[in-house]
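Residues per chain, in single letters:
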Amino acid sequence: MPDRTVTNFMRQQGFPEEPADACDMRFEGLYFQPAIVFPLVLVAVALQSGPLFLLLSTVLWWNVLFPAWNPFERAYNRWIAAPRGKLPMSPAPAPRRFAQAVNAAFNMASGLLLLAGWHRTSWGVQAMVVAAFSMLVFGKFCLGAYFFHVLRGESAFANRTLPWARN
C-alpha cells in the first residue's frame, strides 16, 4: 500500500485513485521533472542568471501549453519507464499543469527582474520558487496544485490532499 503522503500527493496532482503499485510507479515518474528542474533553479539562483531562469520558464510554459510533448515525461517514458517495465507518464492533469504554469511565471519573473537590474526584488521571487520546490521535493506537497483546487472552490478537497491529512 502506498504511503498516505504519496496517495494525497497523487490526488492533489489530479490523478485518480490507483492500485498501490501503480501509484508508487506514477509517483516516481512525477518526481523525475522536479529532480531535474530544482537543481537547475538552484544553479540559476547561485549564478543569478536571468537567461537560465528564462530558459527554465520557456520549457515549463511548453509543458503547460503542449502537455503531450513534455520533454521530461517523454525522456522518463523512453529511458526509464520503458526499459524497466514501469508505467509511462501520461500528459499532466490540470492541477499539475497549473502548478507548472505558476513555476514558469515565477521563473520568468526572476529572470526578467534580474535582467532589468531589480536584483533584490528578484531575490524575493527566487526565495518563493526555492521554498515551493523544497516543499515539493522534501515534503511531497505541491503548492501550485493545492492553490489550483482552492481557486476552484475545492478547499475541503485541497485540505484532504495535504501531506499530513488522513483520508
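Residues numbered from 1 in each chain as written. Predicted model: local features only at pLDDT ≥ 70, side-chain atom pairs only at ≥ 80, totals over all residues. Heavy atoms only, no water.

A. Geometry of the environment of Leu42. With respect to the helices and strands, Leu42 occurs in helix H3 (residues 32-47). A relative accessible area of 38% places Leu42 in the partly exposed class. Taking C-alpha positions, Leu42 is 9.2 Å from Gln126, a pair spaced 84 residues apart along the chain. (Helix = DSSP H or I, 4+ residues; strand = E, 2+ residues; numbered from the N terminus. Buried < 20%, exposed > 50% of the residue type's maximum accessible area, 1.4 Å probe, protein only.)

B. Geometry of helix H2 (residues 20-30). Inspection of H2 places Ala22, Cys23, Arg26, Phe27, Gly29 and Leu30 among the buried residues, and these make up the whole buried set. Along H2, the residues classed as buried sweep out an arc of 160 degrees about the axis, all on the same side. On its buried side, H2 packs onto helix H1 (4-13), H3, helix H5 (71-84) and helix H6 (94-115). (Arc of directions from axis to C-beta. Contact = heavy atoms within 4.5 Å.)

C. Fine view of the packing of H1 against helix H8 (residues 143-151). Relative to each other, H1 and H8 sit at 55 degrees, their axes nearing to 9 Å. Relative to H8, H1 is oriented oblique. In this structure, H1 crosses over H8, and the sense of that crossing is left-handed. Packed against H1, whose contacting residues are Arg11, Gln12 and Gln13, the element H8 presents Ala145, Tyr146 and His149 at the interface. (Axes fitted to C-alpha atoms, helices over the stretch in contact; angles between N-to-C directions. Parallel < 35°, antiparallel > 145°, perpendicular 65-115°, else oblique. Left-handed = near helix turned anticlockwise from the far one by under 90°.)

D. Structural context of the packing of aromatic side chains. On inspection of all chains with the given rule, the structure shows 10 aromatic pairs. Here Phe66 and Trp69 contribute two aromatic rings whose centre-to-centre distance is 5.9 Å and whose plane-to-plane angle is 40 degrees, an arrangement assigned as tilted. On the numbers, 5.7 Å between centres and 55 degrees between planes, the contact of Phe98 with Phe148 is tilted. You can see Phe98 sitting in helix H6 and its partner Phe148 sitting in helix H8, a full 50 residues away along the chain. For Phe98, a relative accessible area of 28% corresponds to the partly exposed category. In textbook terms, an aromatic cluster arises when at least three aromatic residues are bridged by ring pairs, as seen for Phe9, Phe27 and Tyr31. (Phe/Tyr/Trp six-rings, centres within 6.5 Å; stacked < 30°, edge-to-face > 60°.)

E. How the structure looks around the layout of surface pockets. Considered as a void within the structure, the largest pocket measures approximately 460 Å³ in volume. Forming the walls of the largest pocket are 22 residues, and the residues nearest its centre are Ala99, Val102, Asn103, Ala132 and Gly144. Taken together, the elements giving at least two residues each to the lining of the largest pocket come down to H3, H6, helix H7 (119-139) and H8. In terms of residue count, the dominant contributor to the lining of the largest pocket is H6 (seven residues). Of the residues contributing to the lining of the largest pocket, the split by class is 16 nonpolar, five polar and one charged. (1 Å grid on protein atoms, 1.4 Å probe; cavity = no way out; pocket = protein on both sides within 12 Å on 5 of 7 lines; lining within 4 Å. Points joined across faces, edges and corners; volume = space filled by probe spheres on them. Nonpolar A, V, L, I, M, F, W, Y, C, P; charged D, E, K, R; others polar.)

F. Structural context of the pattern of salt bridges. In the structure shown here, the tally under the stated rule is five salt bridges. Of the charged contacts in the structure, one is a salt bridge between Glu17 and Arg11, with a shortest N-O distance of 3.4 Å. A residue is classified by how much of its surface remains accessible, and Glu17, at 57% relative accessible area, is exposed. The salt bridge involving Arg96 is made with Glu73; its shortest N-O contact spans 3.8 Å. On the criterion of sequence distance, the pair formed by Arg96 in helix H6 and Glu73 in helix H5 is long-range, its members being 23 residues apart. (Salt bridge = Lys/Arg side-chain N within 4 Å of Asp/Glu carboxyl O.)

G. Highlighting unusual backbone geometry. Of note in this structure, Gln48 is not a glycine but carries a positive phi near 50 degrees. Its relative accessible area of 26% is what places Gln48 among the partly exposed residues.

H. How the structure looks around the nonpolar core. Core analysis: the biggest nonpolar cluster contains 27 residues, and Phe9, Met10, Val41 and Phe133 have the highest contact counts within it. Elements that contribute at least two residues to this core include exactly H1, H2, H3, helix H4 (50-65), H5, H6 and H7. Membership of the second largest hydrophobic core comes to five residues, among which are Phe141, Tyr146, Leu162 and Ala165. (Core = buried A, V, L, I, M, F, W, Y, C linked by side-chain atoms within 4.5 Å.)

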